[in-house]
Amino acid sequence: MPLATGKGPAKKQTFKGKKTANYRKDKELDFEEKLLQQKKKAQDKANAIPKEIEIMETISVSELARKMNLKASELIGKLMGMGMMVTMNQSIDADTATILASEYDCTVHIVSLYDETVIESESDAGADLAHRPPVVTIMGHVDHGKTKTLDAIRSADVAAGEFGGITQHIGAYTVETHKGKITFLDTPGHEAFTMMRARGAAITDIVVLVVAADDGVMPQTIEALNHAKDAKVPIIVAVNKIDKPEANPDRVKTQLSDYGLIPEEWGGETQFVHISALQKTGLDELLDAILIQSEILELTANYDCRAEGKVIESRIDHGRGIVATIIVERGTLRTGDPYVAGVYSGRVRAIFSDRGDKIEEATPSMPVEILGLEGMPNAGDPFQVTESERHARQISSKRQELKRFEDSRNVKKVTLDNLYDTIHEGEIQELKVIIKGDVQGSVEALKSSLEKLSTKDVRLNVIHASAGAINDSDVMLAAADSNAIIIGFNVRPTPQAKLLADQEKVDIRKYNVIYKAVEEIEQAMEGMLKPDIKEEVIGTVEVREAIKVPKIGTIAGSYVLQGTVKRSSTVHVIREGIVVYTGKLASLRRFKDDVKEVAAGYECGISVENYNDVRVGDQFEVIEFVEVARKLKDSEKLSSGKGDDAKKDSE
């Protein structure tokens, strides 16, 4: 019995122990399973976060979270840990976004507005690539004969239509030759049009550098040469004006060889062609040189895909609305195609050739004018035909939203951090201007030239710049911003705007040549500068006797050696060649009479304010302070000179 009773409880205990052990085992398995699931979730999350993302200069927290496949709350938590209190709709800069993304092993690439909203191009794979005409940009210094050369080739007179004979727009033309078509882009040579030349070089296949044989290499020649080198396009040099008696083509060759353009006859690779645009000589040789170069380049394009290109120029045309000049780079553009140009969408209502003829389609390398834009794109903006009008509107609205977002960032707000700078800037004189021009490219060039006039003392602020006639809203904007002036470049105010400008006393300046506008605005800014105060020596006096007068001080019995002494003058007291005191005159007398001035060769009594240590033999240098009008260039030189001195000191 005791044995049996002893076994019973023991069996029971063993069963309980097994149950506990099994329970523990299940628990451990559940825990391991949960751990594996958590690891899997973390792994899936890590896999879901892309290795690379593309953002613009700023991005909202919610947009960054969407790009990284994360919850916005998670990023907000991380930002709070970094000491930044933000909401999901607030923006952070690219540097903060980069630090945030690096915590998730994600690389950030900063892109432009158009990279952020890419329209996918049709592939050329399997397509028949056909020959296309070369796009040739004519570049060079102002007044070296670029437009005349093109006029001679086209047998047209474009230069006569430009004010002052200076090209102020990009002209795009197609020329039929006996060997095929050539598209020419004529860029301005004036220094203000740097951006236009850069754009011309960016969309070209060959650059023709026009250099006057009598003038040689000039600043804009070098700049055009650098643009062409940056664009990595071949250069043909056209040495113009060889019919002039003072022409020296060899000097041009020598000068350009210093910049790496060595003529073929000297063992180099650059073609030099001698031409005279006025006499129309050497033009066939120039065309042959262009066509030989284009054959070497083997220029081809896909004619069957959706059209893509670049906006060369845009303007407002009365009766036709917004007109854009574009050059087709690939594909065929047809009437009715939906497209996006810059940040604006539209449908091609009509296509016109460079000679103004209405055409139904445009092929690669063809410059055309199109109608049907809802807004004015900037020169140089990309142009792309889309699958549908709906897709074009979506891309356009996204780009406009991003552009507004970028513009809002540039609005300067006063904070405690920048309060001192804002107060300091408030002391700086400011000239506000509104620029209206006939085409967008000219507006951009004028804006760039005027903004360069700003100095540390006077700042030029362009509050609005666009193409089109001067209208009521421009006048109202100028009236709201007191002292703002309106600059019209090749445009005129509407009758209503003119009437409103007279009422509101708004100054409207009209110009046809860019350097005239720059010159007059520079003069206006110089008028706003505080004048320089300079010392002018008006006389020299010798002290011949020092007379001490009780309660008055020391009177200097003096003789005026040269010039005059005025009662209102200031004097430098000079002893043995050293200035010992500078002060105003307390009194000026001849005998017992107070006088206003004493001329050279006369004696007088002089007392100097707060100075009694006058000795026999001292000299008084009589000075007056005069105001001298300052020049903008002088103040720039002064500030740059100081910078150079500081640089020398640091060295």
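Shown above is the structure to which this text applies.
Regarding the overall build of the protein chain
Scanning the protein chain for helices and strands turns up 17 helices and 33 strands. Buried residues in the protein chain amount to 44% of all 651 residues. Nonlocal contacts in the protein chain, meaning residues at least 24 apart in sequence, comprise 70% of its contacts between residues at least 6 apart. With the model as given, the accessible surface of the protein chain reaches about 35,500 Å², and the carbon-plus-sulfur share is 50%.

What about the sheet that holds strand β25 (residues 508-511)?
Reading across the sheet, the four strands line up as β23-β22-β24-β25 and stay open at both edges, with parallel pairing between neighbours. Whereas interior strands pair on both sides, the edge strands pair on one side only; in this sheet they are β23 (458-467) and β25. Within the sheet, the average angular offset between the axes of one strand and its neighbour, ignoring direction, is 25°.

Looking at the pattern of salt bridges
With the rule as written, the count across this model stands at 21 salt bridges. Where Arg132 meets Asp205, a salt bridge forms, and the shortest distance between an N and an O atom there is 2.8 Å. With Arg132 in the loop between β5 (129-131) and β6 (135-140) and Asp205 in the loop between α7 (194-202) and β9 (206-212), the pair connects residues that are 73 residues apart, well separated along the chain. For Arg132, a relative accessible area of 13% corresponds to the buried category. With a closest N to O distance of 3.8 Å, Arg393 and Glu389 form a salt bridge. Of this pair, Arg393 and Glu389 both sit in helix α11 (residues 389-409), four residues apart, roughly one helical turn. Bridged by salt links that share partners, the residues Arg575, Asp613, Arg615 and Asp618 form one connected network.

Here we look at the environment of Phe383
With respect to the helices and strands, the residue Phe383 is situated in strand β21 (residues 382-385). Once the C-alpha coordinates of Phe383 and Gly309 are considered, the two residues, 74 residues apart in sequence, prove to be 5.0 Å apart. Apart from residues lying up to four places away in sequence, Phe383 is in contact with Ala307, Glu308, Gly309, Lys310, Val311, Ile326, Leu333, Tyr339, Val340, Ala341 and Ile370.

Details of the side chain of Thr221
For Thr221, the position within the fold is in helix α8 (residues 219-230). Assessed through its relative accessible area of 1%, Thr221 is described here as buried. Filtering out sequence-adjacent residues up to four positions away, Thr221 remains in contact with His141, His144, Leu209 and Val211.

Some remarks on the pairing of strand β13 (residues 308-317)
Burial of β13 is extensive: seven of the ten residues sit out of reach of the surface. Two strands pair when backbone bridges link them, and β13 and β21 are joined in this way by three bridges, in the antiparallel orientation. Paired with Lys310 across the two strands is Pro382, which belongs to β21. Alignment of β13 against strand β14 (residues 321-330), held across nine bridges, turns out to be antiparallel. By the bridge assignment for β14, Val311 is matched with Ile326. Connecting β13 to the next strand, β14, in antiparallel fashion are three residues, including Gly319 with a positive phi near 100°.

Examining α8
Its twelve residues place the ends of α8 17 Å apart at the C-alpha level, agreeing with the 16 Å of an ideal helix rising 1.5 Å per residue. Taken residue by residue, α8 has Gln220, Thr221, Glu223, Ala224, Leu225, His227 and Ala228 as its buried positions. Two residues or fewer past α8, Lys232 is found with a positive phi of approximately 55°.

What to know about the environment of Leu588
By secondary structure assignment, the location of Leu588 is in strand β29 (residues 578-590). Separated by 20 residues in sequence, Leu588 and Ser568 have C-alpha atoms that sit 9.4 Å apart. Residue contacts for Leu588: discarding those within four places in its chain leaves Val565, Lys566, Arg567, Asp593, Asp594, Val595, Lys596, Glu597, Val598, Cys604, Gly605 and Ile606.

As for the pairing of β9
Burial analysis of β9 places seven of its seven residues in the buried class, the great majority of the element. Both faces of β9 are covered, namely the face carrying Ile206, Val208, Val210 and Ala212 and the face carrying Val207, Leu209 and Val211. Direction of pairing for β6 relative to β9: parallel, over a ladder of five bridges. Its bridge partner being in β9, Thr137 is matched across the sheet by Val207. Sheet topology note: the β9/strand β10 (residues 235-240) ladder contains six bridges and is parallel. For Val211, the partnering residue across the bridge sits in β10 and is Val239. Considered for its hand, the β-α-β crossover made up of β9, α8 and β10 is right-handed.

Looking at the packing of aromatic side chains
Inspection of the entire model under this criterion finds two aromatic pairs. For the ring pair Tyr339 and Phe383, a centre distance of 5.0 Å and an interplane angle of 35° mean the geometry is tilted. Taken together, the residues span a long stretch of sequence, with Tyr339 in strand β16 (residues 338-341) and Phe383 in strand β21 at a distance of 44 residues. Judged by relative accessible area, which is 1%, Phe383 ranks as buried.

Points about helix α4 (residues 94-102)
Three or more residues of α4 are buried, namely Ala94, Thr96, Ala97, Leu100 and Ala101. One side of α4 holds all its buried residues, which, seen down the axis, span an arc of 160°. Among the structural elements, β1 (52-55), β2 (58-60), α2 (61-67), α3 (72-81), β3 (91-93) and β4 (107-110) are those in contact with the buried residues of α4.

Analysis parameters
Each chain carries its own residue numbering, running from 1 in the written order of its sequence. Reporting of local features is limited, given that this is a predicted model, to residues whose pLDDT is at least 70; pairs of side-chain atoms are given and counted only at 80 or more, and all residues count toward the totals for whole chains, interfaces and linings. To obtain the side-chain values, all non-hydrogen atoms of the structure were included, while hydrogens and water were left out. Each helix is a run of DSSP H or I of at least 4 residues and each strand a run of E of at least 2, with the numbering of both proceeding from the N terminus. Burial classification: accessible surface area is computed with a 1.4 Å probe over protein chains only, and a residue below 20% of its type maximum counts as buried, one above 50% as exposed, and the rest as partly exposed. Residue contacts follow a heavy-atom distance rule, with two residues in contact if any of their heavy atoms lie within 4.5 Å. Each accessible area value is a Shrake-Rupley result obtained with a 1.4 Å probe; residue values ignore everything except the protein chains displayed when judging cover. If DSSP finds at least two bridges between two strands, the strands pair. The angle between two axes is taken between their N-to-C directions and runs from 0 to 180 degrees, where each axis is a line fitted to C-alpha atoms and a helix contributes only its stretch in contact. For this analysis, a salt bridge means a side-chain nitrogen from Lys or Arg found within 4 Å of a carboxyl oxygen belonging to Asp or Glu. The span you would expect from a helix comes to 1.5 Å times its residue count less one. Here the term right-handed applies to a crossover when the path leading from its first strand over the helix to its second strand runs clockwise, the strands being oriented away from the viewer. Note on aromatic contacts: the rings of Phe and Tyr and the six-membered ring of Trp form a pair at centre separations within 6.5 Å, being stacked when their planes are under 30 degrees apart, edge-to-face when over 60 apart, and tilted otherwise. Within this analysis, the arc is defined by the directions that extend from the helix axis to the C-beta atoms.

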